[in-house]
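Secondary and tertiary structure notes
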Amino acid sequence: MKKIKCILLLLAILSVRSYGDIILTEPQSFEICINIKGLDDYPDIALIGFRDCMALWSNSKKAYVVDPNTCLGLSKSCPLTLYAVKKSYLEKKKDVNDIDLKKDKNVIKSSITIDMNDFNIDRSSVKSMDVNFNIAGFDKTSMVLYKASQVIQYKDGRPDSVESFEYEGDLSKLRKKF
C-alpha cells in the first residue's frame, strides 16, 4: 500500500503543469530597424543574418538570407550577427540553416554583433530608431561593418535626431573582394 501511495504521489507531481520556461521581460516600447547599405558594391556576396536567441521555445529558423531592402528588426533577447557568403556557394545549398556558419570556410563573420544593449538611449522617450550599417570591406578574418547613420524619432514631438558616422579604421588595409 505504501508503494502505491508513493507511485500516485510521484505521478501527481509529474503531471502538474510547469510554467518555468516563461521569462518575464520589460515590454519593448520602441522599434529598432537595422539596414545594411552598400551591398550593391559587392554583387558576388550575399549576407546571412543569424539571431542567437536565448528563447529555448523558439521554433523559428535562426539563419536567413538578408534582403537588402528589408528592415532587420532587433529584439532584446536576440543579438544579430551577419555573415558574408558567396552567392554561387549559397545557391548550391538547399537550406541556409544547413551551413555551419562558424566552421564553413566559405563564410566570413562580420566584425560586430548588433545587440539592443549597444544603443544607449532613453527608451521611454523614443518612438523608433533606424540604424544603417555599411560594409567597409574585408580583412583577414572578418567582414568589417560600421555604423554609418542613425535616425531617432521621439514620442514627445521633438525633431528627429539624425547622425552620420565615418569609418574610423584604415580603409587601405581592407580588401574589396571576399
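Residues numbered from 1 in each chain as written. Predicted model: local features only at pLDDT ≥ 70, side-chain atom pairs only at ≥ 80, totals over all residues. Heavy atoms only, no water.

1. A short note on the overall build of the chain
The secondary structure content of the chain amounts to two helices and nine strands. When the helices and strands of the chain are placed in sequence order, the string is α-β-β-β-β-β-α-β-β-β-β. Scored against the burial criterion, the 178 residues of the chain give a buried share of 35%. A total accessible area of about 12200 Å² is found for the chain, and carbon and sulfur atoms account for 53% of it. (Helix = DSSP H or I, 4+ residues; strand = E, 2+ residues; numbered from the N terminus. Buried < 20%, exposed > 50% of the residue type's maximum accessible area, 1.4 Å probe, protein only. Areas by Shrake-Rupley, 256 points an atom, 1.4 Å probe, with all protein chains shown as cover.)

2. Examining the state of the cysteines
One pass over the structure, following the stated rule, counts one disulfide. A sulfur-sulfur distance of 2.1 Å marks the disulfide that ties cysteine 33 to cysteine 71. Of this pair, cysteine 33 sits in strand 1 (residues 31–37) while cysteine 71 sits in the loop between strand 3 (63–65) and strand 4 (72–73), and the two are 38 residues apart along the sequence. (Disulfide = S-S within 2.5 Å.)

3. Focus on the pairing of strand 7 (residues 126–138)
For strand 7, the tally of buried residues reaches 10 of 13 residues, placing the bulk of the element in the interior. By the bridge criterion, seven bridges tie strand 1 to strand 7 in an arrangement that is parallel. Its bridge partner being in strand 7, isoleucine 32 is matched across the sheet by methionine 129. As paired elements, strand 7 and strand 8 (residues 143–154) share 11 bridges and run antiparallel to each other. Bridge assignment links glycine 137 to a residue of strand 8, and that residue is valine 144. Hairpin connection, strand 7 to strand 8: the antiparallel pair is bridged by four residues. (Pairing = 2+ DSSP bridges.)

4. Quick notes on the side chain of serine 125
Among the structural elements, serine 125 can be located in the loop between strand 6 (107–114) and strand 7. You can call serine 125 buried: its relative accessible area is 13%. In this structure the side chain of serine 125 is engaged in a polar contact, spanning 3.4 Å, whose partner is the side chain of arginine 158. Those residues in contact with serine 125, other than ones at most four positions away along the chain, are Tyr154, Lys155 and Arg158. (Polar contact = N/O pair within 3.5 Å; in protein donor to acceptor, adjacent residues only side chain to side chain. Contact = heavy atoms within 4.5 Å.)

5. Regarding the confidence of the model for the chain
In the predicted model, the chain carries a mean pLDDT of 82, and 83% of its residues have values of at least 70. For the chain, the element scoring lowest by mean pLDDT is helix 1 (residues 2–15), at 72; strand 9 (residues 161–164) scores highest, at 94. Below pLDDT 50 for its whole length, residues 23–27 participates in three contacts with residues either more than four positions away or in separate chains. (pLDDT = per-residue confidence, 0-100.)

6. Some remarks on the packing of aromatic side chains
Overall, the coordinates contain two aromatic pairs when judged by the stated rule. Pairing tyrosine 146 with tyrosine 167 gives two aromatic rings, centres 5.5 Å apart and planes at 55°, and the pair type is tilted. Residue tyrosine 146 is located in strand 8, and its partner tyrosine 167 is located in the segment after strand 9; the two are separated by 21 residues in the primary sequence. The class of tyrosine 167 is partly exposed, set by a relative accessible area of 23%. The cationic tip of arginine 158 hangs over the ring face of tyrosine 154; the distance from NZ or CZ to the ring centre is 3.9 Å. (Phe/Tyr/Trp six-rings, centres within 6.5 Å; stacked < 30°, edge-to-face > 60°. Lys NZ or Arg CZ within 6 Å of the ring centre and 35° of its normal.)

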